[in-house]
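# Report on the structure
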Amino acid sequence: MSLSKKPYKGTRDFFPEDKRIRDYLFQKMKETADLYAYESYDGPLLEEVELYKAKSGEELINDQIYSFHDRGERFVAIRPEMTPTVARMVAQVHKEVSKPIRWFSIPNLYRYERPQRGRLREHWQFNVDIFGAPETMGELEILQIAVSLMESFGATSEHFEILINDREIVDLIFNKVLKSEGDLSLKLYKLVDRYKKLSREKFNEQLEQLNLSVESKDAFLTYLSLSSIDELKKFLESNKLETEGFSLFKLGEHLEKLHIDEFVKYDPSIVRGLDYYTGIVFEIFDKNPENRRAICGGGSYANILKIFNENPMPGVGFGLGDVTLRDFLTTHSLLPDLSKPVTKIFLSTQDEKGLPYILKLAKDLRKEGISVQTHLETLKMNKVFNLAEKKGAEFVGILGTNEIESGVIQIKKLSDKNQKDILISNIEEIKGFLK
Ligand code: HAM
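Per-chain numbering applies: the sequence of each chain, read as written, is numbered from 1 onward. Only residues with pLDDT of at least 70 are given local features in this predicted model, and only at 80 or more are side-chain atom pairs given and counted; all residues enter the totals for whole chains, interfaces and linings. As a convention, hydrogens and water are excluded, and side-chain values are obtained from all of the structure's heavy atoms.

## Thoughts on the overall build of the chain
Helix and strand labels come from DSSP, where a helix needs a run of H or I of at least four residues and a strand needs a run of E of at least two; each type is numbered from the N terminus. Across its full length, the chain holds 16 helices and 17 strands. All radius of gyration figures rest on C-alpha atoms, and the globule criterion is 2.2 Å times the number of residues raised to 0.38. Computed over C-alpha atoms, the radius of gyration of the chain comes to 28 Å, more than 25% over the 22 Å expected from 2.2 N^0.38 for 435 residues, which places it beyond the range of a compact globule. The dimensions of the chain, computed from C-alpha atoms along their principal axes, are 95 × 55 × 50 Å. For each residue, the accessible area found with a 1.4 Å probe, counting protein chains only, is set against the maximum for its type, and the residue is called buried under 20%, exposed over 50%, and partly exposed in between. A total of 435 residues make up the chain; the buried ones form 50% of that total. At a minimum sequence separation of 6, the contacts of the chain that also span at least 24 residues come to 67%. The accessible surface values rely on the Shrake-Rupley method and a 1.4 Å probe; as for residues, cover is taken only from the protein chains in view. Summed over its atoms, the accessible surface of the chain is roughly 22,300 Å², and 49% of this surface lies on carbon and sulfur atoms. Across the chain, the centroid of the 63 positively charged side chains sits 5 Å from that of the 69 negatively charged ones. For this analysis, residues touch if any pair of their heavy atoms sits within 4.5 Å. Positive charges come from Lys and Arg alone, negative charges from Asp and Glu alone, with His and the N- and C-terminal ends not counted. Taken as the charge centre is NZ of Lys, CZ of Arg, CG of Asp or CD of Glu, depending on the residue.

Structure representation (structure tokens):
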């Protein structure tokens, strides 16, 4: 029997071309986090399952977690998300660290999913979280960061939208209008979360199973049909509920002033599948109907530190996946051409005696911070340009047999064929030509 060369189901091998794309995505993520002064952190790949049981929700625990008993009989999981880890870490230091705490990380996560477009078993996720920020301000900054990242790739409000909701308002509607609490409320949340994923028929079937009264069912469907903040306010008013004091409305005013309201749209079906969210929740969606998967999801969670017996401290953040981001950028042709590696200069010689000279030149140029590929054996003239192009070189340097004695190297720019003969010892002139 021969072993399969394929990676484990739902995971990826990153060959250099794919890895270049991943590096590019990560670089933009790090640059964006730096712009907002977020500090980088990391945590372990394994956590005790209890950590997720406390807050993440049934779906993650029952269906998606990779878990096992270690040799010491601890029940551990490969991290399916980063929020419980970052909360655990913040719980250790929050008393000593000045607020707000602004942290980011790009962990790989494992979820046992049916692999499909936008969903794999291993993905990397840009996590950005702020802890201890005043109400609405954390949410505002987190949304700004998400928009900045998308803009750094050249994406605009034509390409993506941020669908937003407020779980405090949803709670109020569920409690006061639908008269639901506890378990029923949780089931309603799950159903709302699946609203767009289920066919109307399946959705109605699952709704029937909840045995709501006719009035509650009508109110629930009316709620799901709301399509703007104004409609939501009218719905609250018509049900004699307050419309003041909610983060969603306060946030709206700030978003307008910062001109990021063009990206943001109220959507009653956004409630998020994870149980720890308590306030604002949001997801970024591609506007292209061919690629309607959430690129990013996040929100505010006020009580997560309580599971560590710490005082509550508001946290807000998001996770943005590499798989969905890459699909989005590809759909809109926003990825640069990364098909080839990038090297400044490819050096070669046709003569054994020339090898030490080009190796020495390569060493001198690298000291100057210039990336150099040397061909490590002699290479015929008719092969040089083809190979240099394949290897992604911008310039080619050839030391011909007759030039070894005179020490002159011919350097050619591949894009415009502009060329110059330069003394191999004249690093300054070579550097100048390579600019
Ligand atoms: P999430 O919605 O489960 O949230 O995941 C966030 C994003 O990660 C999704 O929108 C998607 O882009 C990507 N993602 C999730 N699962 C997969 C998968 N199986 N394959 C590919 N991509 C995936 C969270 O994980 C929260 N912990 C995010 C957060 C951080 N909330 C506050 N801070």
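## Let's talk about the domain arrangement of the chain
Each domain's extent is set by a domain assignment, obtained either automatically or from a database. Annotation of the chain at the domain level lists domain 1 (16-331) and domain 2 (343-434). Taking only C-alpha atoms into account, the centre of domain 1 sits 52 Å from that of domain 2.

## A few points about the sheet that holds strand β2 (residues 46-48)
In space, the 3 strands of this open sheet follow the order β2-β4-β3, with antiparallel pairing throughout. Unpaired on one side and paired on the other, β2 and β3 (66-69) mark the two borders of the sheet. If you compare each strand with its neighbour and ignore which way they point, the axes differ by 35 degrees on average. The rule for pairing is simple: two strands pair if DSSP sees at least two bridges between them. For helices, the axis comes from a line fit to the C-alpha atoms of the stretch in contact; other axes are also lines fit to C-alpha atoms, and the angle between any two N-to-C directions lies between 0 and 180 degrees.

## A look at the site of the ligand
The rule for a residue being near a molecule or strand is that one of its heavy atoms must lie within 4 Å of it. Lining the immediate environment of the ligand, one finds 27 residues, of which Glu81, Thr83, Leu120, Tyr277 and Thr324 sit closest. At 3.3 Å from an oxygen atom of the ligand is found a main-chain nitrogen or oxygen belonging to Ala294. Coverage of the ligand by the protein chains reaches 96% of its 650 Å² of free accessible surface. Here the element with the most residues in the shell around the ligand is strand β11 (residues 294-301); it accounts for 6 residues. For this classification, the nonpolar set comprises Ala, Val, Leu, Ile, Met, Phe, Trp, Tyr, Cys and Pro, the charged set comprises Asp, Glu, Lys and Arg, and every other residue, Gly included, is treated as polar. The class makeup of the residues in the shell around the ligand is 10 nonpolar, 11 polar and 6 charged. In protein, a polar contact requires one atom able to donate a hydrogen and another able to accept it; more generally it is a pair of N or O atoms within 3.5 Å, and residues adjacent in sequence count only if both atoms are side-chain atoms.

## Here we look at the packing of aromatic side chains
Aromatic ring pairs: the centre-centre distance and the angle between the two ring planes describe each pair. Pairing of aromatic rings covers Phe, Tyr and Trp, the last counted by its six-membered ring, and requires centre-to-centre distances within 6.5 Å; plane angles under 30 degrees mean stacked, over 60 mean edge-to-face, and any other angle means tilted. This structure, assessed with the given rule, holds 22 aromatic pairs. Centre to centre, the rings of Tyr223 and Phe235 are 6.4 Å apart; their planes meet at 50 degrees, and the pair counts as tilted. Residue Tyr223 is found in helix α9 (residues 214-225), and its partner Phe235 is found in helix α10 (residues 229-238); the two are separated by 12 residues along the sequence. For Phe235, a relative accessible area of 7% corresponds to the buried category. Each ring, one from Tyr276 and one from Tyr277, has its centre 4.8 Å from the other, and the planes form 55 degrees; the classification is tilted. Of the two residues, Tyr276 and Tyr277, both sit in the buried class. Three or more aromatic residues joined by ring pairs form one cluster here, namely Phe174, Tyr189, Tyr195, Phe203, Phe220, Tyr223 and Phe235. A cation sits over an aromatic face here: Arg167 above Tyr189, 4.3 Å from the ring centre. Whether a charge sits over a ring comes down to the Lys NZ or Arg CZ being within 6 Å of the ring centre and within 35 degrees of the ring normal. Between the NZ or CZ atom of Arg200 and the centre of the ring of Phe203, over which it lies, the distance is 5.5 Å.

## Quick notes on the pairing of strand β17 (residues 419-423)
Remember that side chains alternate between the two faces of the sheet whenever the strand is regular. Relative to β17, strand β16 (residues 408-413) runs antiparallel, the two sharing 5 bridges. If you follow Ile409 over to β17, its bridge partner there is Ile422. Once β16 ends, the chain turns through 5 residues before running back antiparallel as β17, passing Lys417 with a positive phi of about 65 degrees.

## Quick word on unusual backbone geometry
For residues besides glycine, phi is generally negative; the peptide bonds are generally trans as well. Following Lys99, the chain continues into Pro100 via a peptide bond in cis, with omega recorded as -10 degrees. Positionally, Pro100 belongs in the loop between α4 (83-93) and β5 (101-105). With a phi close to 60 degrees, Ala37 is a non-glycine residue in the positive phi region. The topology assignment puts Ala37 in the loop between α1 (16-35) and β1 (39-40).

## Examining the sheet that holds strand β15 (residues 393-399)
Strand order in the open sheet made by the 5 strands is β14-β13-β15-β16-β17, with mixed pairing throughout. A strand with exactly one partner marks an edge of an open sheet, and here the two such strands are β14 (372-374) and β17. Ignoring which end each strand starts from, the neighbouring axes of this sheet average 25 degrees apart. Strands in contact with helix α16 (residues 427-434) are β13 (343-349), β15, β16 and β17; relative to β17, the strand with the most contacts, it is inclined by about 160 degrees.

## Focus on the pairing of β16
Examined bridge by bridge, β15 and β16 share 4 bridges and lie antiparallel to one another. Bridging across to β16, Phe395 finds its partner in Lys413.

## Comments concerning the environment of Ser300
By the element assignment, Ser300 lies in strand β11. We classify Ser300 as buried; its relative accessible area is 7%. In the structure, Ser300 is positioned 170 residues away from Ile130 in sequence and 9.3 Å away in space, judged by C-alpha atoms. Every residue in contact with Ser300, bar those within four places of it in the chain, is listed here: Glu139, Tyr276, Tyr277, Thr278, Gly279, Ile280, Gly315 and Val316. Within the local environment of Ser300, its side chain forms a polar contact with the side chain of Glu139, the two groups lying 3.4 Å apart.

## Some thoughts on a negative patch on the surface
Like charges are joined within 9 Å and nonpolar side chains (Val, Leu, Ile, Met, Phe, Trp, Tyr) within 5 Å, but only among residues with over 30% relative accessible area and no salt bridge; these make up the patches. Salt bridges, as used here, are contacts in which a Lys or Arg side-chain nitrogen is within 4 Å of a carboxyl oxygen on Asp or Glu. Among the surface-exposed residues, Glu151, Glu253, Glu256, Asp261 and Glu262 lie close enough to one another that they form a single negatively charged patch. Mapped onto the elements, Asp261 comes out in the loop between α11 (247-257) and β9 (264-266).

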